[in-house]
Amino acid sequence: MFLQLTDWCPVILSIKVALIAVTIVLIIGLPLSRLLSRLEFPGKDVVEAVITLPMVLPPSVIGYGLLMIIGKNGLLGNTLADLGLTVIFTWWAAVLASTVVSFPLMYQSAKAAFLSVNVNYEKAARTLGASEVKIFFTVTLPLAWPGILAGLVLSFARAMGEFGATMMVAGNIPGQTQTIPLAIYFAVESGDNGTARTLVAINTVFSFLVIYWVNRWAKKQKY
Amino acid sequence: MLKAKITKKLWHFTLEVEMELDNHILVLWGHSGAGKTTFLHCLAGLCKQSSGFIQLNERTLYSSEERINIPTRLRNVGYLFQDYALFPHMTVKQNVMYGLKNHRHRHQIENPVNPLELLNTFGVGHLLDRYPSQLSGGEKQRVALARALAVQPGLLLLDEPFSALDKNSKIKLRQEIKDIHALWQIPFILVTHDEEDAGFLGDRILTLNEGVPVAGSVMHLSSNMQRIAIY
């Protein structure tokens, strides 16, 4: 048979890791991008450069950086150990790696989306008696939503595809930390082309469907 | 009754206007960059003035001496934006109803107007389920007016309301605004750089130049006039 897959663990794990990473990225990225889209302060350029850095750094640099933080002898390694938490070489490390590399995509898209909302809409809502919280949820967020969603999809795709940093901090433990990209790499290395082909097909079709659906959705917006 | 003294430092000049306005239409006239929109923004609380005071119907909205600065949402000042600023993701109905659910309106208004009737008055009652992008310029303006008046403001500010309209719609809407003003009996302040509009609508006209009223610029056009202090 052309396609064959005996172990679905990498597929399930990849989706789980990407979903959690994107959720974290959304929860931190949305308020942060909103804040920095309006706030001016000295050193803002430095902060933004740091946020964007993971997008351009090689995965091995990010992986090494994460090892320096959460590794056994890393900055937080002892603290985590004292708390009884092990992150390194668990699937949570894969979540961490995916979060770090996909965060800049979310941040950039969301910030551009917030900046694209005409401030007059917010001013008009203010003159109509709306509180700032109400304005955010009824005016700013709905108008910025298409851009934010695009950022979410990009982040999700990036998180699904994360390879280098994940291998360094989570390792390649089948059934535990082996995501699709890692499974493909090691399947090819061991000559198991059937498994590699199948995983490549699943990954491609899945990513295609997500992007296709989002584009369709964006097109259907009434305004 | 609106009493205001507004001083606002801008980067190339200082805006300085002192005025009293009864239930009339005041036209602010002047070239682009003369400080007209900034003046409206200060009244609405959309930007912070440097000093002075604003009193609307005996209520202090701003006072630098008493350190009072009521936020925009509690000022009860209606604002018609130059680009109308209708929320593009809401229908006409949702736009007009937007202000009604806000806190201050739940207990302050004795005889609430029905915003849907307001739309009928303006001849756009049949457009309830349309989105702003599906409206013509004149329709947008009428909806924006209905939205601003639905919260029953004590003062209505209109920032170049005709700039996006063709001549015919403009002449029609000018008359409508005059009629609405006669009906509502609240002070209107209208910004324009069109002399014809100023002459047609203004009970009083105030010409601004580099943020300061031009001496002798107040034209008394109707009989029961109030004084506008000029310096």
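Residues numbered from 1 in each chain as written. Chains lettered and ligands numbered in written order. Predicted model: local features only at pLDDT ≥ 70, side-chain atom pairs only at ≥ 80, totals over all residues.

Chemist: In this structure, what is going on with the overall build of chain B? I would like to understand it.
Modeler: Of the regular secondary structure elements, chain B holds 7 helices and 12 strands. The buried share among the 231 residues of chain B stands at 45%. The long-range fraction of contacts in chain B, counting pairs at least 24 apart against all pairs at least 6 apart in sequence, stands at 69%. (Helix = DSSP H or I, 4+ residues; strand = E, 2+ residues; numbered from the N terminus. Buried ≥ 20, exposed ≤ 12 C-beta atoms within 10 Å, placed from the backbone. Contact = placed C-beta atoms within 7 Å.)

Chemist: Help me out: how do you make sense of the interface of chain A and chain B in this one?
Modeler: A common way to report how large an interface is uses the accessible area buried once the components associate. Between chain A and chain B, the contact holds 15 residues from the first and 22 residues from the second. Listed by contribution, the elements that provide at least two residues to the side of chain A that touches chain B are helix 6 (119-127) and helix 7 (132-160) of chain A. When residues in the side of chain A that touches chain B are grouped by element, the largest group, 6 residues, is from helix 6 of chain A. Looking at the side of chain A that touches chain B residue by residue, the classes come out as 8 nonpolar, 4 polar and 3 charged. (Nonpolar A, V, L, I, M, F, W, Y, C, P; charged D, E, K, R; others polar.)

Chemist: What is the right way to look at the domain arrangement of chain B in this model?
Modeler: All names here are of chain B. What the domain assignment reports for chain B is domain 1 (1-76 + 155-231) and domain 2 (90-152). Contact with domain 1, which involves 8 residues of that partner, is made by 6 residues of domain 2. If one sorts the elements of the side of domain 1 that touches domain 2 by residue count, helix 6 (residues 167-184) sits on top with 3 residues. Here the residues of the side of domain 1 that touches domain 2 sort into 7 nonpolar, 1 polar and no charged. (Domains from an automatic or database assignment.)

Chemist: Could you clarify how one ought to interpret the pairing of strand 5 (residues 59-63) of chain B in this entry?
Modeler: One face of the sheet, then the other: side chains in a regular strand alternate in exactly this way. All names here are of chain B. Here 4 bridges tie strand 4 (residues 51-56) to strand 5, and the two strands are oriented antiparallel to one another. Bridge pairing in strand 5 places I54 opposite Y62. Counting the residues in the hairpin turn of strand 4 and strand 5 gives 2 residues, including N57, whose phi is positive at 50°. Relative to strand 6 (residues 68-69), strand 5 runs antiparallel, the two being bridged by 2 bridges. Looking at the pairing, S63 lines up with I68 of strand 6. (Pairing = 2+ DSSP bridges.)

Chemist: Can you walk me through the nonpolar core in this structure?
Modeler: The nonpolar side chains of a soluble globular protein tend to be buried with one another. Judged by nonpolar contacts, the single largest core of 118 residues is most densely connected at A97(A), L28(B) and L157(B). With 15 residues, helix 5 (residues 91-115) of chain A is the largest single contributor of residues to this core. Both domains that meet at this core, namely domain 1 (1-76 + 155-231) and domain 2 (90-152) of chain B, each give it at least three residues. Aside from chain neighbours lying at most four places away, what touches A97(A) is I62(A), G63(A), L66(A), E162(A), A165(A), T166(A), V169(A) and A170(A). (Core = buried A, V, L, I, M, F, W, Y, C linked by C-beta atoms within 7 Å.)

Chemist: Got a minute to help me understand the packing of helix 5 (residues 137-150) of chain B against helix 6 of chain B in this structure?
Modeler: Packed helix pairs are specified by the crossing angle of their axes together with the interaxial distance, meaning the distance between the axes. All names here are of chain B. Running from N to C, helix 5 and helix 6 cross one another at 15°; their axes reach a closest spacing of 11 Å. On the basis of their axis angle, the class for helix 5 and helix 6 is roughly parallel. Classified by chirality, the crossing of helix 6 by helix 5 is right-handed. The residues of helix 6 that touch helix 5, namely those facing G137, G138, Q141 and L149, are S169, L173 and W184. (Axes fitted to C-alpha atoms, helices over the stretch in contact; angles between N-to-C directions. Parallel < 35°, antiparallel > 145°, perpendicular 65-115°, else oblique. Left-handed = near helix turned anticlockwise from the far one by under 90°.)

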